[in-house]
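# Observations on chain architecture
The residues making up each chain are set out below.
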Amino acid sequence: MARRLLLADAELVATMADGPGEIEGGSVLVEDGRILAVGRDLEAADAERIDLAGCVLLPGLVNTHHHFYQTLTRAVPAAQDADLFRWLETLYPIWARLTPEMIRVSTTTAMLELLLSGCTTTSDHHYVFPAGVTLDDSLEAAAALGMRFHATRGAMSVGRSRGGLPPDELVEDEDAILADMARVVDRWHDPAEGALLRVGLAPCSPFSVSRELMRDTAALARDRKVMLHTHLAENASDVAYSREKFGCTPAEYAAELGWLGPDVWHAHCVQLDAPGIAAFARTRTGVAHCPCSNMRLASGIAPVRAMLDAGVPVGLGVDGSASSDASHLLAEARQALLLARVAGDPAGLSARAVLRLATAGGAAVLGRSDIGSIAPGKEADLAAFRVDGIAHAGALHDPLAALVFGQPGNAWYTIVKGRALVAEGRPTGIDLAAHLRHHNALARSLVG
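What counts, and at which threshold
Residues numbered from 1 in each chain as written. Predicted model: local features only at pLDDT ≥ 70, side-chain atom pairs only at ≥ 80, totals over all residues. Heavy atoms only, no water. Pairing = 2+ DSSP bridges. Helix = DSSP H or I, 4+ residues; strand = E, 2+ residues; numbered from the N terminus. Axes fitted to C-alpha atoms, helices over the stretch in contact; angles between N-to-C directions. Polar contact = N/O pair within 3.5 Å; in protein donor to acceptor, adjacent residues only side chain to side chain. Contact = heavy atoms within 4.5 Å. Expected span 1.5 Å × (residues − 1). Buried < 20%, exposed > 50% of the residue type's maximum accessible area, 1.4 Å probe, protein only. Arc of directions from axis to C-beta. Parallel < 35°, antiparallel > 145°, perpendicular 65-115°, else oblique. Left-handed = near helix turned anticlockwise from the far one by under 90°. Nonpolar A, V, L, I, M, F, W, Y, C, P; charged D, E, K, R; others polar. Salt bridge = Lys/Arg side-chain N within 4 Å of Asp/Glu carboxyl O.

Pairing in this open sheet of four strands is mixed, and the strands run 5-4-1-6 from one edge to the other. In this open sheet, the two edge strands, each paired with only one partner strand, are strand 5 (34-40) and strand 6 (48-51). The sheet shows a mean angle of 15° between the axes of neighbouring strands, taken without regard to direction.

Our focus in this paragraph is the side chain of His268. Topologically, His268 is positioned in strand 13 (residues 264-268). Within polar-contact distance, the side chain of His268 engages the side chain of Glu234 at 3.4 Å. A polar contact of 3.0 Å, which involves the side chain of His268, links it to the side chain of Asn294. Setting aside residues no more than four positions away along its own chain, His268 makes contact with His65, His231, Leu232, Glu234, Val287, Ala288, Cys290, Ser293, Asn294, Ala302 and Asp319.

Next up on the list: helix 5 (residues 211-224). In a regular helix each residue adds 1.5 Å, so 14 residues correspond to 20 Å; helix 5 covers 20 Å between its end C-alpha atoms and thus fits that length. Turning to helix 5, its buried residues number three or more, namely Leu213, Met214, Thr217, Ala218, Leu220 and Ala221. Viewed end-on, helix 5 has its buried residues packed into an arc of 165°, placing them on one side of the element. With its phi angle positive at about 60°, Lys225 sits one or two positions after the end of helix 5.

Next up on the list: the packing of helix 11 (residues 329-341) against helix 12 (residues 351-365). Packed helices, taken two at a time, are described by their axes: the angle between them and the distance between them. Between helix 11 and helix 12, the shortest axis-to-axis distance is 9 Å and the interhelical angle comes to 135°. Taken together, helix 11 and helix 12 sit at an angle that is classed as oblique. Seen along the crossing, helix 11 lies across helix 12 with a hand that is right-handed. Where helix 11 abuts helix 12, its residues Leu329, Leu330, Ala333, Ala336 and Leu337 lie against Ala351, Val354, Leu355 and Ala358. When its residues are assigned to classes, the contact of helix 11 with helix 12 shows nine nonpolar, no polar and no charged.

Applying the stated rule across the entire model yields 29 salt bridges. Of the charged contacts, one joins Asp186 and Arg224 as a salt bridge, the two residues approaching to 2.8 Å between their closest N and O atoms. Placement of the pair is Asp186 in helix 4 (residues 174-188) and Arg224 in helix 5, with a sequence separation of 38 residues. Judged by its relative accessible area of 52%, Asp186 is exposed. For Arg224, a relative accessible area of 29% gives the class partly exposed. Asp216 is paired through a salt bridge with Arg215; the nearest N and O atoms lie 3.0 Å apart.

What follows deals with the packing of helix 3 (residues 135-145) against helix 4. Running from amino to carboxyl end, helix 3 crosses helix 4 at an angle of 20°, the nearest separation of the two axes being 11 Å. Taken together, helix 3 and helix 4 sit at an angle that is classed as roughly parallel. As for how helix 3 packs across helix 4, the hand of that crossing is right-handed. For the pair formed by helix 3 and helix 4, the contact residues are Leu135, Asp136, Leu139 and Glu140 on the first element and Arg183, Val184, Arg187 and Trp188 on the second.

On their own, these measurements won't tell you what the molecule is for.
What follows is the structure, encoded as structure tokens:
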């Protein structure tokens, strides 16, 4: 018999889909991990029922950029007040001591934090591979938890001795990188609709890999039909490096090496200029906007409004937990709204616009048409947030906007493929306190 789940009588269902976008008193019926029906007064006698009175129900949030392992190095004192390059130079020697166990545990920690924020799909950009560490460590931990995961096999190949930023002991041989990229894609990537696990290829940045690796990775990704990801135009130093080393802007460099297209998304793009925005829009190249990290590292304000107006696909990313020091995607949406207004436009981004970035926008950036909205046939990835507490008192004339303008709270339910991974505000199937004790012990041993 088909397994059915009825999410019933929410204060509001915000579908982020065409047609009725917001349904007061709405319900969602799920069957075998997919959405069967959306509307009012739905009934299903054979369904498990979850009462969502007092809740706003959203599509599961989508995180388009992260570095899971950085949950182990939050708030490191020497890196608290540094810009991007100094921050990296401080943390590289610490990350060189990462172990496979640390990768597995930090993956679980990062995913749990995201799930508690209503995030159902996340990417991760893993580019640090000390001896013994493989991407499989993260992939195996993610599979055990059940979150929808877009892992990327990152890499660094140009160390300080060759003019790059990372220390030489953290870079890899480029032939070995390409071979391992092919291996993890062939072993783990699932191209099917509704897949819980996909793998992309992601050289770290123009200042840590060669022109040849960028070019060869793009060719490999297109041969395997997987997506490409990297950091681009994150701050002024990033742009200056590109001009000095390559004689062009970061966007021009990306275009030259085949790093534009609907199968590519770039993190940050804080310093993307007008020609770059036009090129991204023309080619449907995606952007992961990470406002908390950009503020934390004093990188600047990404031109998100200009990108959206031009037609660039944009999603949200929490970035590494040592650069934003948090992995709460609803809080990231709130910061995106506030940061867009700092320059003086009170309507720079609306509450609904940033929630769309966090859902349908992120899905589009990751190349997914099966998630990001609530509609029949879509994957049953859903997030319910309570709005009946003190944080939203007096705001129920617009409960959807209240999620963004008010203090962001944790999800009441987070459901992935019809399965509740957070129920009544608590992660299911894991002893969270014991896990965090383990995580913190590893963090202390890593940082020293």
